[in-house]
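Geometric and topological summary
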Amino acid sequence: MNSGHDTTNNPPATAAPATANSAVAATATVITNIASLVTNDPLLGDGSPLGLIRDAAVVIDGDRVVWIGESSKAPATDNRVDADGRAVVPGFVDSHSHLVFAGDRTAEFNARMSGQPYAAGGIRTTVAATRAATDEALEANVTRYLREALRQGTTTFETKSGYGLTVEDEARALRIAARHTDEVTYLGAHIVSPDFADDPASYVALVTGEMLDACAPHARWIDVFCEKGAFDDDQARAILTAGKARGLHPRIHANQLSYGPGVQLAVELDAASADHCTHLTQADVDALAAGRTVATLLPGAEFSTRAEWPDARRLLDAGVTVALSTDCNPGSSFTSSMPFCIALAVRDMGMTPDEAVWSATAGGAAALRRTDIGRLTPGARADLTLLDAPSHVHLAYRPGVPLVTAVWQRGERVL
């Protein structure tokens, strides 16, 4: 469970980090009687990467955590919440999703479950539906799935464009996304637009030119699907390099369906994350271990496509920083549940429950180059998930059970 390399806050903390001994305002809120608190700070609690504190308390003031420690030592505040012997973990950080879309691909899923293989071309079905949808319909979809994710403990999410593939449709997708999150990714290079099926070079020119001009003001990141049937090494490099020149930082869909150049390109360009990482050579693993790029694993995609599972154990043992995310999209991973992905990662990808929970919280934060989320320490953003269980291990131990009983986001109880 690599704690990752240095990351930067975005947005920066609004208050200086407090220490455990700092004065706490009487108007703050204390959550006490926590059986097991995951801080993700190895300097705290049991000294593990999760920094577990037993019989713990957390104090929230405004949108920040201002105190953590043993429940018996919690400062007095006007507002008190009794966790009643349940576990608290940081809010989940879903660092890879595709929520701006219309329609679904039930028929494609049904065919796949009947024996037909998955291929990237199914994206075109969603492109047609998304182009035909109104702004209001797309916004309603985003809101619906965000509420769904929040009920399952997700407090930070990244989402992408990629289902418009025209200048106008990509820009509107990003405008809609930006109303809901700061972590917005321009993915005009999801596939070659059907309008340019016979001229992919012209589509790359559009993605790196007029489309980028329209989309860059609304995004923080740029992404590309580097895969057979989508974009090759040279095309992906050109797209990501153009994005960097406009101030967008790279992410990349890499090595999902086959071995390829995506991971190496991610490390070369200092991409924040290489996502999927299903088919890796030893050189790919070594490159990830030596660089700052996080390997974001998306077990929902393998579950929904019956594909080979990524080998998380191999990556972790090599010292690679690993994140878990849902890849929520209507084609290859139609789930918004981070607890479900944690359970899959433990059952089928070689991760321990501790590693999976770290990767779904601190790992996701690292994939977004954030240090203000994914942990519960003084100065961190007050994003907390209360589980109806005595331990975070129950997230894998009780798969499919709705264990999230309360959620605080930016210090406000939202569930």
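Residues numbered from 1 in each chain as written. Predicted model: local features only at pLDDT ≥ 70, side-chain atom pairs only at ≥ 80, totals over all residues. Heavy atoms only, no water.

1. Re the overall build of the chain
Defined as follows: Strands are runs of DSSP state E lasting at least 2 residues, helices are runs of H or I lasting at least 4, and numbering of each runs from the N terminus. C-alpha atoms define the radius of gyration in this analysis, and the globule rule sets the expected value at 2.2 Å times the number of residues to the power 0.38. Throughout this description, buried means an accessible area under 20% of the type-specific maximum (1.4 Å probe, protein chains only), exposed means over 50%, and partly exposed covers the range between.
Summing up its helical and strand segments, the chain has 14 helices and 17 strands in all. In terms of overall size, the chain behaves like a compact globule, its C-alpha atoms giving a radius of gyration of 21 Å where 415 residues would be expected to give roughly 22 Å. Overall, the chain is about 70 × 40 × 40 Å in size when its C-alpha atoms are taken along their principal axes. Residues counted as buried form 58% of the 415 residues belonging to the chain.

2. Here we look at the pairing of strand S3 (residues 64-70)
This is how the line gets drawn: The criterion for strand pairing is that DSSP finds at least two bridges linking the strands in question.
Most of S3 is tucked away, with six of its seven residues classed as buried. The pairing of strand S2 (residues 53-61) with S3 spans six bridges and is antiparallel. Paired with Val 59 across the bridge in S3 is Trp 67. Linking S2 to S3, which pair antiparallel, is a turn of two residues; within it Gly 62 sits at a positive phi near 65°.

3. Details of the environment of Asp 348
What counts is decided by this rule: Side-chain atoms alone can form a polar contact between residues adjacent in sequence; in general such a contact is a pair of N or O atoms within 3.5 Å, and within protein one must be able to donate a hydrogen while the other accepts it.
Structurally, Asp 348 is set in helix H12 (residues 338-348). Residues Asp 348 and Asp 94 lie 254 residues apart in sequence; the distance between their C-alpha atoms is 20 Å. Only 3.0 Å separates the side chain of Asp 348 from the side chain of Arg 347, close enough to count as a polar contact.

Keep in mind these numbers describe shape, not what the thing actually does.
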